[in-house]
Amino acid sequence: GPISSHSSKSQSTTVHPRTGYILFYADRGQHPRRPLYPQAIAAYEKALALDKGFFDAWNMLGEARAASDDMAGAETAFRTALRYHPDLSEAQGNLAHLLVASKRLPEAAWYFEKAVRGRPDDAEVRENYGVTLSGLGKSDEALVQFLEADFGLVMLKLIRYPTLF
């Protein structure tokens, strides 16, 4: 049912699993200086206390933690999401982004490859996989990903990363 912003005794024992999702995204565009990440994190944690296997909540908890600069907590959440749903391409892509940020490119490439298999038409995932492959010195494989993503992205890469080609 709908989620109410007020609390009652009955709501204190249950939480809608999407509460964290709503809190995480509701404030992004409206008040970027005062994000609701702490409330989103708390809501996801509450939902996960009720259902530890809710892999989407683990993934969103990871996003909220990453947005709050808790990279270790984000990585744990993404890996937990993947433990419950190994083919969750969103969590694979999110974990790959986090791994790139911490300069763990070989592992990031592995997760991007899995995410591409799950979302072959997702140009952003292919683009990021290509950038990661180029960082590993695999220019030919990177080019394939850029071409698969969108020819326009290849042109963008030519401008951004001329040494790649």
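Check the entry above for the structure.
Let us look at the structure shown here. (Residues numbered from 1 in each chain as written. Predicted model: local features only at pLDDT ≥ 70, side-chain atom pairs only at ≥ 80, totals over all residues. Heavy atoms only, no water.)

Turning next to helix H5 (residues 71-84). A rise of 1.5 Å per residue sets the reference length of H5, with its 14 residues, at 20 Å; its end C-alpha atoms lie 20 Å apart and thus fit the reference within 8%. Listed as buried for H5 are Gly73, Ala74, Glu75, Ala77, Phe78, Thr80, Ala81 and Leu82. Against the buried residues of H5 lie helix H4 (55-67), helix H6 (89-101) and helix H7 (105-118). (Helix = DSSP H or I, 4+ residues; strand = E, 2+ residues; numbered from the N terminus. Expected span 1.5 Å × (residues − 1). Buried < 20%, exposed > 50% of the residue type's maximum accessible area, 1.4 Å probe, protein only. Contact = heavy atoms within 4.5 Å.)

Scanning all chains against the criterion turns up 7 salt bridges. Between Glu75 and Arg104 there is a salt bridge, with its nearest N and O atoms 2.9 Å apart. Remark: Arg104 occurs in the loop between H6 and H7 and Glu75 occurs in helix H5; sequence separation between them is 29 residues. Judged by its relative accessible area of 16%, Glu75 is buried. (Salt bridge = Lys/Arg side-chain N within 4 Å of Asp/Glu carboxyl O.)

Helix H9 (residues 139-149) packs onto helix H8 (residues 123-135) with a crossing angle of 165° between their chain directions and a minimal axis gap of 8 Å. Viewed along their axes, H8 and H9 adopt a mutual orientation that is roughly antiparallel. The way H8 lies across H9 gives a crossing that is left-handed. When H8 is examined against H9, the residues Ala123, Arg126, Glu127, Tyr129, Gly130, Val131, Leu133 and Ser134 are found in contact with a partner set consisting of Glu141, Ala142, Gln145, Phe146, Glu148 and Ala149. (Axes fitted to C-alpha atoms, helices over the stretch in contact; angles between N-to-C directions. Parallel < 35°, antiparallel > 145°, perpendicular 65-115°, else oblique. Left-handed = near helix turned anticlockwise from the far one by under 90°.)

End to end, H4 covers 19 Å across 13 residues, agreeing with the expected 18 Å (1.5 Å per residue, within 8%). Among all positions of H4, only Ala57, Trp58, Asn59, Met60, Leu61, Gly62, Glu63, Ala64 and Arg65 are buried. Downstream of H4 by one or two residues, Asp69 has phi in the positive range, about 65°.

Here we take up the nonpolar core. Formed by 32 residues in total, the largest nonpolar core has its most connected members in Tyr44, Leu61 and Leu95. Those elements that provide at least two residues to this core are helix H3 (37-50), H4, H5, H6, H7, H8 and H9. Sort the elements by how many residues they give to this core and H7 lands first, with 6 residues. Beyond its immediate sequence surroundings of up to four residues, Leu61 is in contact with Ile41, Tyr44, Glu45, Leu48 and Ala77. (Core = buried A, V, L, I, M, F, W, Y, C linked by side-chain atoms within 4.5 Å.)

What describes a pair of aromatic rings is the distance from one ring centre to the other and the angle between the planes of the rings. Summed over the entire model, instances satisfying the criterion amount to 2 aromatic pairs. Relative to Tyr111, the ring of Trp110 has its centre 4.8 Å away and its plane inclined at 90°; by these criteria the two rings are edge-to-face. Accessibility expressed as a relative area gives 12% for Tyr111, which makes it buried. Between the aromatic rings of Phe112 and Tyr129, the centroid separation amounts to 6.5 Å while the plane-to-plane angle is 35°, which identifies the pairing as tilted. Taken as a pair, Phe112 in helix H7 and Tyr129 in helix H8 lie far apart in primary sequence, 17 residues in all. Of the two residues examined, Phe112 and Tyr129, each falls in the buried class. (Phe/Tyr/Trp six-rings, centres within 6.5 Å; stacked < 30°, edge-to-face > 60°.)

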